[in-house]
Amino acid sequence: MPSQLTHHLQVAALILALFSASLIPFTQPTTAAATKDMTVSAQDALVVVNAKLVQSNKTGYTFDSLTPISVNGDLLFYIIGLQPTGYMVVPAYRYLPVVMAYSWTSPFGVYSTVNPLFNMLITDLSQRVTAAALQSSLLTAQSEKWDEYLNHPSMTLFQQWPP
């Protein structure tokens, strides 16, 4: 009889342990590898720029150049030069907004920290990438918007401030 009671207690303890373990939320830690899986290729950046051009009715514009910008060996964003004039800045990660900056009326300027826009983009995107590595919910927050731009450019309504 005591061995049967011991057996029942062991089974009850096992069931309790399994039940308790199921109550613990499973969260996969965010790693650099997880953020790298969401990297935007140069080709995807050009697709986004083309979608933005179509959406904005900029039929006379073409790509002039594509410059990847890296900091400490990590790709942060692409600067796409436009003709007749202008640029777009597309981030290198799908968990960031699709277009970070653009102009139809002026070129980007120099690609160094003496350019306030370049300096601001380096600082802002570096901090956003760091924040995303710490907070896994940011990894998918922008995913649907990216899918719209990459797969259905005419369905995306672009909003900006000021209007």
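It should be noted that the structure appears before, not after, this text.
Residues numbered from 1 in each chain as written. Predicted model: local features only at pLDDT ≥ 70, side-chain atom pairs only at ≥ 80, totals over all residues. Heavy atoms only, no water.

## Concerning the packing of aromatic side chains
One pass over the full model with this rule turns up 7 aromatic pairs. Consider the rings of Tyr87 and Phe108, whose centres lie 5.2 Å apart with planes at 90 degrees: the pair is edge-to-face. Taken together, the positions of Tyr87 in strand S3 (residues 87–91) and Phe108 in the loop between strand S4 (101–103) and helix H4 (116–134) put the pair 21 residues apart, joining distant regions of the chain. The exposure class of Tyr87 is buried, given its relative accessible area of 8%. For Phe108, a relative accessible area of 8% translates into the label buried. Aromatic side chains Tyr93 and Tyr95 sit 5.3 Å apart centroid to centroid with 20 degrees between the ring planes, which places their arrangement in the stacked category. Assessed through its relative accessible area of 4%, Tyr93 is described here as buried. One aromatic cluster in this structure is built from Phe77, Tyr87, Phe108, Tyr111 and Phe118. Against the face of Tyr102 rests Lys52, its NZ or CZ located 4.8 Å from the ring centre. (Phe/Tyr/Trp six-rings, centres within 6.5 Å; stacked < 30°, edge-to-face > 60°. Helix = DSSP H or I, 4+ residues; strand = E, 2+ residues; numbered from the N terminus. Buried < 20%, exposed > 50% of the residue type's maximum accessible area, 1.4 Å probe, protein only. Lys NZ or Arg CZ within 6 Å of the ring centre and 35° of its normal.)

## As for the pattern of salt bridges
A complete count under the given rule lists 1 salt bridge for this structure. Linking Arg128 and Asp124 is a salt bridge whose minimum nitrogen-to-oxygen distance equals 3.1 Å. Linking Arg128 with Asp124, this pair stays in helix H4, spanning 4 residues, or about one helical turn. The exposure class of Asp124 is partly exposed, given its relative accessible area of 26%. (Salt bridge = Lys/Arg side-chain N within 4 Å of Asp/Glu carboxyl O.)

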